[in-house]
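# Observations on the three-dimensional arrangement
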Amino acid sequence: MRFWDKISFITALNIVALGMLASPPAVAADPIKLGLVAFYSGPVSGPVGMPSRKGADLIIEAINIGTLPAPYAGKGIGGRMIEPIYVDEAVEPVNEFRNLVQRQGADAVIGYSSSGSCVGVAPIAEELKVLTLFYYCGSTRTFEEGPKEYVFRTMNSQDVENIAAARYILSIKPNLKTLSGMNQNYGWGQESWRDFTKSVQKLKPGVTIATEQFPKIFAGQYGAEITALTRANADVIHSSFWGGDLDAFILQAAPRNLFQKQTAVLTTGGTAIDTLTKQIPEGTVIGVRGNGGALAPASAFHDWFRAAYQKKYGEQPSFPAYYMAQSVLALKAAGDKAAEQTKAVPSMDAIRKALSGLEFAAPSGIVSMSRHKGHQAVTDIAYGTFKLVDGKPTLINVKRYQPECVVPPEGVKSLDWIEAGFPGAKCD
């Protein structure tokens, strides 16, 4: 049975009731000072940082005036308005986190795109006992290196998206023989390549590595690496490049027809399909790090989000906008639940406790905080293949992977699960 099919009718009603029953207290409550951290400058700002901020702004405005669609209702978070504080991740993230909390008085923090930022910030958040929601970074180290009390991640981690990428590429290339990799030389890139190659080789023994390239993060120039990939001439090139690095790689690969000769699997490629449409060849495999953006499933909530974003900003939301919005909605759902439980204005500690293990609705579908003792989100994850349809960028042959197919069981480390051959996995 599919994972989400197991959600009972009663559970579904509870999700709806979460918003409908929680009413704001009669007495005005102090606002929640919410730190929102992303790359608002530099090469990551265009593809990731600014869409993230726009997604947050849209949801915060709707929360504060009470116009979110069902299953949410009421103004604020358990009656508390949100007062946003924006911090640029391009500045030293650990010190800025301390400043955000200790000097600017942030009650909670949502943010961080780089896995390096999250690895550095997590222990500080625990030390300062501040509710912190990671909205975008994907390193499995965040929770596999030890349990957390104050840190949550409201989207999938990188292991899940690379296991799904392996299953997808083998579904469209069952005779795959060779792989090459182009990944940034830090935890995110190294772990993404590791989990992808090990998953492919476990699912199809005998697949070999032609070359693996690890340029420095934000290097910007990739001529030597593209030459190496061209000479290796593998069946598939895997890349977890993101932000400006992804754009630069696509632009520099295009004149040499790299992705026309070798199929590319771009696990974060969803940020580029509208801006670099002419440079991405048909047949390129595109991921969105979950179930958002161009691969979001149809729903009334999704329709509202896309229409509201288009009206406000004059553009369609890419998947970073979805996942920052998702984190703000996690705070809303947890705060409303805490208010209903206590019949009072919720404290940040009550909101933190309500968030653990919570299921909540987002424009990309239902999010379940079910991994790592309720601190790591689980959702479906989708991949598609790029194609121009009537001149418009489109993702075809879309496959959605349910959590029971690609998510390690609770208490099992990702690498151990992969190397054991995915015991217990249930795939359609």
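Just so it is clear, the model here is predicted, and its values are computed rather than measured.

## As for the overall build of the protein chain
Helix and strand counts for the protein chain stand at 15 helices and 15 strands. For 428 residues, the compact-globule formula gives about 22 Å, and the C-alpha radius of gyration of the protein chain, at 21 Å, lands near that figure. Along the first, second and third principal axes, the C-alpha atoms of the protein chain reach 70 × 45 × 45 Å. Residues counted as buried form 56% of the 428 residues belonging to the protein chain. Taking the 42 positively charged and 39 negatively charged side chains of the protein chain as two groups, their mean positions are separated by 3 Å.

## A short note on the domain arrangement of the protein chain
By the assigned domains, the protein chain splits into domain 1 (32-157 + 297-378) and domain 2 (159-296 + 380-419). Relative to domain 2, the C-alpha centre of domain 1 lies at a distance of 26 Å. The interface of domain 1 with domain 2 comprises 36 residues on the first partner and 33 residues on the second. One can count 1 salt bridge joining domain 1 with domain 2. Put simply, R371 and D159 hold a salt bridge, and the shortest N to O gap is 3.3 Å. At the level of elements, helix 2 (45-65), helix 4 (115-128), helix 5 (141-144), helix 11 (300-313), helix 12 (319-342) and strand 12 (365-371) are the ones that each hand at least two residues to the side of domain 1 that touches domain 2. Broken down by element, the side of domain 1 that touches domain 2 gets its largest block of residues, 4 residues, from helix 12. Across the side of domain 1 that touches domain 2, the residue classes tally to 17 nonpolar, 14 polar and 5 charged.

## Examining the pairing of strand 7 (residues 208-213)
In this structure, strand 6 (residues 178-182) lies alongside strand 7, joined through 5 bridges in parallel fashion. Each residue of the ladder has a partner; that of S180, found in strand 7, is T211. Where the polypeptide runs from strand 6 across helix 7 (residues 187-203) and back to strand 7, its parallel neighbour, the crossover connection is right-handed.

## Some points on the sheet that holds strand 6
In spatial order, the strands read 7-6-8-9-10-14-15; together these 7 strands make up an open sheet with mixed pairing. One side of each edge strand has no neighbouring strand; the edge strands of this open sheet are strand 7 and strand 15 (392-401). For this sheet, the mean angle separating the axes of adjacent strands, direction not counted, is 25°. Two strands pair when backbone bridges link them, and strand 6 and strand 8 (residues 236-239) are joined in this way by 3 bridges, in the parallel orientation. The residue of strand 8 that forms the bridge with G181 is H238.

## Comments concerning the nonpolar core
Counting residues in each nonpolar core, the largest one holds 82 residues, and the members touching the most others are L131, F249, L355 and F360. Looking at which element gives the most residues to this core, the answer is helix 12, with 13 residues. Both domains that meet at this core, namely domain 1 (32-157 + 297-378) and domain 2 (159-296 + 380-419), each give it at least three residues. If we ignore the near neighbours within four places in the chain, the residues touching L355 are L131, L133, F152, A330, A334, M369 and G374. Formed by 27 residues, the second largest nonpolar core is a distinct cluster that contains V160, A164, A165 and L170.

About the cut-offs
Residues numbered from 1 in each chain as written. Predicted model: local features only at pLDDT ≥ 70, side-chain atom pairs only at ≥ 80, totals over all residues. Heavy atoms only, no water. Helix = DSSP H or I, 4+ residues; strand = E, 2+ residues; numbered from the N terminus. Rg over C-alpha atoms; globule rule 2.2 N^0.38 Å. Buried < 20%, exposed > 50% of the residue type's maximum accessible area, 1.4 Å probe, protein only. Lys, Arg positive; Asp, Glu negative; His and termini not counted. Charge placed at Lys NZ, Arg CZ, Asp CG, Glu CD. Domains from an automatic or database assignment. Contact = heavy atoms within 4.5 Å. Salt bridge = Lys/Arg side-chain N within 4 Å of Asp/Glu carboxyl O. Nonpolar A, V, L, I, M, F, W, Y, C, P; charged D, E, K, R; others polar. Pairing = 2+ DSSP bridges. Right-handed = clockwise from strand over helix to strand, strands pointing away. Axes fitted to C-alpha atoms, helices over the stretch in contact; angles between N-to-C directions. Core = buried A, V, L, I, M, F, W, Y, C linked by side-chain atoms within 4.5 Å.

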